[in-house]
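Summary of the model geometry
This is what each chain is made of:
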Amino acid sequence: MTLTLTMRSYQTEDDYYHIRAFLRRVMLLNGVREKSWHVARFDYWRWHGILNLRDGQLETDVFLWHAADGELVGVLNREEAGNAYLQVHPHLRTPELEDAMIALAEERLAVLEEGQRVLAVWSDAEDSLRPAILRRRGYARSAVAESQWRRDLRAPVPEPVVPAGYVVRALGDGEDELAARSRASWRAFHRGEPDQGYPGHAWYPNLQRGPLYRRDLDIVAVAPGGEIASFATAWYDDVTRSAYFEPVATTPEHIRRGLARAVMTAAMRRLQLLGATLAFVGGYETVANAVYAAVLSPEHDRSEKWVRRW
């Protein structure tokens, strides 16, 4: 059966919620595996990536493909300049649709580097359809990949082991708490940079505006001195009964004390009480992947980065 598809750019707030519903449906059709984005990742890109990091715009960097009956079949979006992600209905994907999505990504989402256009397209490592199209279009698989770790929350989760003097709890709601959490994020993700570059905490309320944000799942480890030393934010989607960790980090002064394990474990125990059956976290680096494999489980998928320069 040949589908007649119509493509258009993102237009209204209704599109945002249609895409969210589509991502949930696709995840369920894929057996609750990250063959396309978890709905929380799309939320995080919008409320943190776009609003706080200036990482693109919905109206210029999101494209939708509909069937003749109006059903949403595919979504193309960026996350970080020069990176394209294809979200596709697993029962309606065709070589023609994927080729059209990649062609549009090359036209609208590529970046210029040293006089060349460059685009990275991400593909599941077990997929055979997309890599074949990418090779034909001149892409080469890079060494970069995202390991997508998962844990079955229907199995017991141990109580968190918290180092002496530390306290693991949910983030509070005061201004001082947001400032402390924001500073911890700066220290964890900007190692070696001077504190003079710290932008303050005005960005954090944008993160909290995400539809799936729950402060009781925004878990922190507080050091003996009162500063936030580690954190893990879990986003729970009760439609797929799955949760997505983003971000997870520990400040440089408090690494190698098991704090990331403690905050993630505490979050997973809370998720179990909410009815979650699965937790996900993505990692790109060796150290982070070792932690995630130990805290969640060795089970994971891989999303590979394919790059074309022309």
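Scroll up to find the structure.
No experiment lies behind these values; they were computed from the predicted model shown. (Residues numbered from 1 in each chain as written. Predicted model: local features only at pLDDT ≥ 70, side-chain atom pairs only at ≥ 80, totals over all residues. Heavy atoms only, no water.)

Some remarks on the overall build of the protein chain
The condition that has to hold: Runs of H or I in DSSP of at least four residues are treated as helices and runs of E of at least two as strands, each being numbered from the N terminus. For this measure, only C-alpha atoms enter the radius of gyration; the expected value for a globule follows 2.2 Å times N^0.38, where N is the number of residues. When a residue's accessible area, from a 1.4 Å probe over protein chains only, is under 20% of the maximum for its type it is buried; when over 50% it is exposed; and in between it is partly exposed. For every accessible area listed, the method is Shrake-Rupley and the probe measures 1.4 Å; residues are considered covered only by the protein chains on display.
Of regular secondary structure, the protein chain possesses 9 helices and 13 strands. Taken against the 2.2 N^0.38 rule, which gives 19 Å for 310 residues, the C-alpha radius of gyration of the protein chain at 20 Å falls within 12% of a compact globule. Summarising its shape, the C-alpha atoms of the protein chain cover approximately 60 × 45 × 35 Å along the three principal directions. Relative to its full complement of 310 residues, the protein chain shows a buried share of 55%. Put simply, the protein chain shows about 14300 Å² of open surface, and 50% of that area lies on carbon and sulfur atoms.

As for helix H2 (residues 39-50)
Heads up, the condition is: For a helix, the expected span equals 1.5 Å multiplied by the residue count minus one.
Over its 12 residues, H2 extends 16 Å from the first C-alpha to the last, a length consistent with the 16 Å expected when each residue adds 1.5 Å. Most of H2 sits inside the fold, with 12 of its 12 residues counted as buried.

Side note on the pattern of salt bridges
Stated precisely, the cut-off is as follows: In the sections that follow, a salt bridge refers to a side-chain nitrogen of Lys or Arg positioned within 4 Å of a carboxyl oxygen of Asp or Glu.
One pass over the full model with this rule turns up 30 salt bridges. The salt bridge partner of Asp 301 is Arg 33, with a shortest N-O separation of 2.6 Å. Highlighted residues: Asp 301 in strand E13 (residues 300-309) and Arg 33 in the loop between helix H1 (13-29) and H2, separated in sequence by 268 residues. Between Glu 304 and Arg 302 there is a salt bridge, with its nearest N and O atoms 3.9 Å apart. Given a relative accessible area of 10%, Glu 304 falls into the buried group. One network of salt bridges, with partners in common, ties together Arg 33, Lys 35, Asp 124, Glu 126, Arg 150, Glu 299 and Asp 301.

Overview of the packing of helix H8 (residues 259-274) against helix H9 (residues 286-295)
Using the following cut-off: Working convention: axes come from line fits to C-alpha atoms, limited for helices to the stretch in contact. Angles between N-to-C directions cover 0 to 180 degrees. In this scheme, roughly parallel covers angles under 35 degrees and roughly antiparallel covers those over 145, while 65 to 115 is roughly perpendicular and the rest are oblique. With the far helix as reference, a near helix turned anticlockwise by less than a right angle produces a left-handed crossing, and one turned clockwise produces a right-handed crossing. Should any heavy atoms of two residues lie within 4.5 Å, those residues are considered in contact. Polarity classes work like this: nonpolar for Ala, Val, Leu, Ile, Met, Phe, Trp, Tyr, Cys and Pro, charged for Asp, Glu, Lys and Arg, and polar for all others, with Gly in that last group.
Across the interface, H8 lies against H9 with an axial gap of 10 Å and an inter-helix angle of 40°. As far as their axial angle goes, H9 and H8 are oblique. Handedness of the crossing formed by H8 with H9: right-handed. Here Ala 260, Arg 261, Met 264, Thr 265 and Met 268 of H8 lie close against H9, whose contacting residues are Val 291, Tyr 292, Ala 294 and Val 295. The class makeup of the residues in the contact of H8 with H9 is 7 nonpolar, 1 polar and 1 charged.

Here we look at the environment of Arg 54
Considering the arrangement of structural elements, one finds Arg 54 in the loop between H2 and helix H3 (58-61). Between the alpha carbons of Arg 54 and Glu 80 there is a distance of 9.3 Å; along the sequence they are 26 residues apart.

Structural notes on the pairing of strand E2 (residues 62-67)
Short version of the rule: By definition, two strands form a pair when at least two bridges between them are found by DSSP.
In terms of burial, E2 is a largely internal element, 6 of the 6 residues being buried. The side-chain alternation of E2 yields two buried faces, one formed by Val 62, Leu 64 and His 66 and the other by Phe 63, Trp 65 and Ala 67. Relative to E2, strand E1 (residues 5-9) runs antiparallel, the two being bridged by 5 bridges. The residue of E2 that forms the bridge with Leu 5 is Ala 67. The turn joining E2 and strand E3 (residues 72-78), which pair antiparallel and follow one another in sequence, is formed by 4 residues; a positive phi near 95° is taken by Gly 70.

So, the packing of aromatic side chains
Geometrically, a pair of aromatic rings is defined through the distance of the ring centres and the angle of the planes. Applicable threshold: The pairing test for Phe, Tyr and Trp rings, Trp by its six-membered ring, is centres within 6.5 Å, and the orientation test on the planes gives stacked under 30 degrees, edge-to-face over 60, and tilted for anything in between. For a ring to carry a charge above it, either NZ of a lysine or CZ of an arginine must fall within 6 Å of the ring centroid while also lying within 35 degrees of the normal to the ring plane.
For the structure on display, the rule yields 12 aromatic pairs. Pairing Trp 122 with Tyr 284 gives two aromatic rings, centres 6.2 Å apart and planes at 80°, and the pair type is edge-to-face. In this pair, Trp 122 sits in strand E6 (residues 116-124) while Tyr 284 sits in the loop between strand E12 (278-283) and H9, placing the two residues 162 residues apart along the sequence. Feature note: the residues Tyr 16, Tyr 17, Phe 42, Trp 45 and Trp 47 constitute an aromatic cluster, connected by ring pairs. Over the ring of Trp 47 we find Arg 46; its NZ or CZ atom is 4.5 Å from the centre of that ring. Above the plane of the ring of Tyr 198 lies Arg 183, whose end atom (NZ or CZ) is 4.2 Å from the centre.

A few points about helix H6 (residues 175-189)
Taking 1.5 Å of rise per residue, the 15 residues of H6 would be expected to cover 21 Å, and the 21 Å separating its terminal C-alpha atoms lies within 8% of that figure. For H6, every residue scored as buried is listed here: Glu 177, Leu 178, Arg 181, Ser 182, Ala 184, Ser 185, Trp 186, Arg 187 and Ala 188. Where H6 is buried, its residues contact strand E8 (167-170), helix H7 (204-208), strand E9 (218-222), strand E10 (228-237) and strand E11 (242-250).

A word on the nonpolar core
Where we set the bar: Note on terminology: a nonpolar core comprises buried Ala, Val, Leu, Ile, Met, Phe, Trp, Tyr and Cys residues joined through side-chain atoms within 4.5 Å.
By size, the foremost hydrophobic cluster in this structure holds 44 residues, and its most contacted members are Ile 19, Phe 42 and Val 62. The element contributing the most residues to this core is H2, with 7 residues. With residues up to four places along the chain from it excluded, the contact list for Val 62 reads Ser 9, Tyr 10, Ile 19, Trp 45, Gln 57, Val 75, Leu 76 and Asn 77. Core analysis: the next-biggest nonpolar cluster, separate from the first, contains 30 residues, Leu 217, Ala 234, Leu 259 and Ala 267 among them.

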